[in-house]
Amino acid sequence: MNKKAFIFDLDGVIVDTARYHYLAWKKIANQLGIDFTLDHNELLKGVSRVRSLDIILEIGKIDLIQEEKEQFLFQKNEDYLIYITNMNETEILPGVHKTLQFLKEKKQLIALGSASKNARPILQKTGIIDYFDAIVDGNDVTNAKPDPEVFLIAAKSLNVLPENAIVFEDSVAGIQAANIANMTSVGIGNTSILKEAKYTFEDFTAIKNPFIEFFISK
């Protein structure tokens, strides 16, 4: 039996911080006179803060100098931090806690692989940071998904081969990153959007223990 690593994205997989990102980005888009919708927000899932701003500017066909970009990036993060200040365990998405507990009971390795630079405080606020054997976030990588860097670093830190890693993701870019890394991609969300995933579930309540055990025993 090969040693496995179960790697979780954060936003939209473990906690629903996607709505806070949306509110923070929408505030900036409004300042720029851009009509930023929930459909537009799908384009930002799994990508870095810098790239997210670039996408918004592309939507609005607006050019900014670097200094202006830096100001908006700072503002976005400050607004986002205000939104997440009062996060607690109630923000953990359905079925996630049960899955983490089951993996720990089975003595499996668990990692976080997220573009978020605020991953650690969020895991602390929600009371689940101790489940993770490795945490790799936006502070540890230089390349955004679909580049597989974040997942490869997570697997390496656990001394697990990429082909023995299982990745839970809610974004197209994240699924692509897992596939490029030769890892098993498990989409959490809409099947029609995450069609490149090897497996897809609406949420973690739909993932039963035999599915997890299948990977453990491989």
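Residues numbered from 1 in each chain as written. Predicted model: local features only at pLDDT ≥ 70, side-chain atom pairs only at ≥ 80, totals over all residues. Heavy atoms only, no water.

Q: So what exactly am I meant to see when it comes to the overall build of the protein here?
A: Helix and strand counts for the protein stand at nine helices and six strands. Principal axes of the C-alpha set define a box for the protein whose edges measure 55 × 35 × 30 Å. Each of the 218 residues in the protein was classed as buried or not, and the buried ones make up 50%. Considering only residue pairs separated by 6 or more positions, the protein has 62% of its internal contacts joining residues 24 or more positions apart. Surface summary for the protein: the accessible area is close to 10,600 Å², and the carbon and sulfur share equals 51%. (Helix = DSSP H or I, 4+ residues; strand = E, 2+ residues; numbered from the N terminus. Buried < 20%, exposed > 50% of the residue type's maximum accessible area, 1.4 Å probe, protein only. Contact = heavy atoms within 4.5 Å. Areas by Shrake-Rupley, 256 points an atom, 1.4 Å probe, with all protein chains shown as cover.)

Q: Explain unusual backbone geometry to me, please; I cannot follow it from the model alone.
A: Note on backbone geometry: most residues besides glycine have negative phi, and most peptide bonds are trans. Here the amide bond leading from Lys145 into Pro146 is cis, since omega sits at 20°, within 30 degrees of zero. Looking at the element boundaries, Pro146 is found in the loop between β3 (134-136) and α7 (149-157). In this structure, Lys61 takes a positive phi of about 55° despite not being glycine. Tracing the sequence through the fold places Lys61 in the loop between α3 (49-60) and α4 (66-84). A relative accessible area of 76% means that Lys61 is categorised as exposed.

Q: I tried to follow the nonpolar core on my own but got confused; where do I start?
A: Most often, soluble globular proteins have nonpolar side chains that are buried together. In this structure, Phe6, Phe8, Ile14, Phe132, Phe168 and Ile212 are the most contacted members of the largest nonpolar core, which totals 36 residues. Ala111, Ala154, Ala177 and Met183 belong to the second-largest nonpolar core, a separate cluster that totals 18 residues. (Core = buried A, V, L, I, M, F, W, Y, C linked by side-chain atoms within 4.5 Å.)

Q: What is the right way to read the layout of surface pockets from this model?
A: The probe, sized like a water molecule, is rolled over the atoms to show the empty space still left. Within this model, the largest pocket holds a volume of roughly 630 Å³. Every element with two or more residues in the lining of the largest pocket is listed here: α1 (18-31), α3 and α4. It is α4 that provides the largest number of residues to the lining of the largest pocket, a total of four residues. Of the volumes computed, that of the second largest pocket is approximately 370 Å³. In terms of lining, the second largest pocket is formed by 21 residues, of which the most central are Gly12, Asp16, Lys45, Asp170 and Ile188. Counting only elements with at least two residues in the lining of the second largest pocket, the list comes to α1 and α2 (38-42). (1 Å grid on protein atoms, 1.4 Å probe; cavity = no way out; pocket = protein on both sides within 12 Å on 5 of 7 lines; lining within 4 Å. Points joined across faces, edges and corners; volume = space filled by probe spheres on them.)

Q: I'm lost on the environment of Ile55 in this one. Help?
A: Structurally, the position occupied by Ile55 is in helix α3. In this structure, Ile55 is in contact with Leu43, Leu44 and Val47, ignoring residues within four places of it in sequence.

Q: Whenever I open this one, the packing of aromatic side chains confuses me. Can you help?
A: Any pair of aromatic rings gets described here by the distance separating the centres and the angle formed by the planes. The full count for this structure, using the stated rule, is 11 aromatic pairs. Of note, Lys76 hangs over the ring of Tyr80, and the distance from its end group to the ring centre comes to 4.6 Å. (Phe/Tyr/Trp six-rings, centres within 6.5 Å; stacked < 30°, edge-to-face > 60°. Lys NZ or Arg CZ within 6 Å of the ring centre and 35° of its normal.)

Q: Hey, could you run me through the side chain of His21 in this one?
A: Inspection of the secondary structure puts His21 in helix α1. Residue classification places His21 among the buried positions, given a relative accessible area of 16%. Within polar-contact distance, the side chain of His21 engages the side chain of Asp11 at 2.8 Å. Within the local environment of His21, its side chain forms a polar contact with the side chain of Lys76, the two groups lying 2.6 Å apart. (Polar contact = N/O pair within 3.5 Å; in protein donor to acceptor, adjacent residues only side chain to side chain.)

Q: It is not clear to me how the sheet that holds strand β4 (residues 165-169) should be interpreted in this structure. Could you clarify?
A: What holds strands together in a sheet is hydrogen bonding between their backbones, with the strands either parallel or antiparallel. As summarised here, the arrangement of the six strands in space is β3-β2-β1-β4-β5-β6, forming an open sheet in which the pairing is parallel. The open sheet is flanked by β3 and β6 (199-201), the only strands paired with a single partner. The sheet shows a mean angle of 20° between the axes of neighbouring strands, taken without regard to direction. One ladder, built from four bridges, connects β4 with strand β5 (residues 184-188); its direction is parallel. Along β5, the bridge assignment pairs Val167 with Ser185. The strands touched by helix α5 (residues 96-105) are β1 (5-8) and β2 (109-113); relative to β1, the strand with the most contacts, the crossing angle is about 160°. Relative to β5, helix α8 (residues 172-180) is tilted by about 165°, and along the sheet it contacts β4 and β5. (Pairing = 2+ DSSP bridges. Axes fitted to C-alpha atoms, helices over the stretch in contact; angles between N-to-C directions.)

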